[in-house]
Amino acid sequence: MTKAEVITKISDKTGIQKDDVTQAIEAFFKVVKDSMADGENIYVRGFGSFINKKRAKKIARNISKNTAIVIDEHYIPAFKPSKVFIEKIKNSKKIKELAPQD
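Remember, predicted model here, so these are calculated numbers, not experimental data. (Residues numbered from 1 in each chain as written. Predicted model: local features only at pLDDT ≥ 70, side-chain atom pairs only at ≥ 80, totals over all residues. Heavy atoms only, no water.)

1. Quick notes on the domain arrangement of the protein chain
Phase 1 of the analysis: Under the domain assignment, the protein chain is made up of domain 1 (1-40) and domain 2 (49-101).
Phase 2 of the analysis: Listed per partner, the contact involves five residues of domain 1 and five residues of domain 2.
Phase 3 of the analysis: Carbon and sulfur atoms supply 67% of the area buried between domain 1 and domain 2, which totals about 330 Å² over both sides.
Phase 4 of the analysis: Looking at the side of domain 1 facing domain 2, the largest losses of area belong to Phe28, Val32 and Met36, adding up to 87% of the total buried there.
Phase 5 of the analysis: At the junction of domain 1 with domain 2, the criterion picks out zero salt bridges.
Phase 6 of the analysis: Taken together, domain 1 and domain 2 are joined by one residue pair in polar contact (both at pLDDT 80 or more). (Domains from an automatic or database assignment. Contact = heavy atoms within 4.5 Å. Buried area = accessible area lost by both parts, 1.4 Å probe. Salt bridge = Lys/Arg side-chain N within 4 Å of Asp/Glu carboxyl O. Polar contact = N/O pair within 3.5 Å; in protein donor to acceptor, adjacent residues only side chain to side chain.)

2. Here we look at the side chain of serine 35
Phase 1 of the analysis: With respect to the helices, strands and loops of the structure, serine 35 is situated in helix α2 (residues 18-37).
Phase 2 of the analysis: When its relative accessible area of 15% is taken as the criterion, serine 35 is described as buried.
Phase 3 of the analysis: Apart from the residues lying within four places of it in its own chain, the contact partners of serine 35 are Glu40 and Ile42. (Helix = DSSP H or I, 4+ residues; strand = E, 2+ residues; numbered from the N terminus. Buried < 20%, exposed > 50% of the residue type's maximum accessible area, 1.4 Å probe, protein only.)

3. Some thoughts on the environment of arginine 55
Phase 1 of the analysis: Relative to the helices and strands, arginine 55 is located in strand β2 (residues 48-55).
Phase 2 of the analysis: Relative accessible area serves as the criterion here: at 38%, arginine 55 is assigned to the partly exposed category.
Phase 3 of the analysis: Expressed as a C-alpha distance, the spacing of arginine 55 and isoleucine 69, which sit 14 residues apart in the sequence, is 15 Å.

4. Considerations on the pairing of β2
Phase 1 of the analysis: Looking at chain direction, strand β1 (residues 42-44) and β2 are connected through three bridges and run antiparallel. Bridge pairing in β2 links valine 44 to glycine 48.
Phase 2 of the analysis: What sits between β1 and β2 in their antiparallel hairpin is a turn of three residues, with glycine 46 showing a positive phi close to 85 degrees.
Phase 3 of the analysis: In the sheet, β2 pairs with strand β5 (residues 74-81) via eight bridges, with the strands oriented antiparallel. Directly across from glycine 48, in β5, lies its bridge partner proline 81. (Pairing = 2+ DSSP bridges.)

5. Observations concerning helix α1 (residues 3-14)
The periodicity of an α-helix, 3.6 residues per turn, causes residues three or four positions apart to be oriented the same way.
Phase 1 of the analysis: Helix length check: α1, at 12 residues, gives a terminal C-alpha distance of 16 Å against a target of 16 Å (1.5 Å per residue), a fit within 8%.
Phase 2 of the analysis: Where α1 ends, the next residue or the one after it, glycine 15, has phi of about 80 degrees, a positive value. (Expected span 1.5 Å × (residues − 1).)

Written out as structure tokens, the structure is:
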């Protein structure tokens, strides 16, 4: 599903104009990105958490030149779904239909 499809669904469910939904979605994404760039995590009860995960310093290998590369400690954005979200997906009939049968 694309962002445009999400905007259309929200507009259809709420009756809010697509332009207004687009502005709200874009503002949400901007707040998430800016807040996480400032080191803040975002917790949405019943949905999940947008968190900065710390990656430790490590030594990697450039296999083409056979040299060691030091990758410094850094942070990456991550999403951790809530228990409610996880249970909804686990109990979804659509997902179970798509799962390969052994």
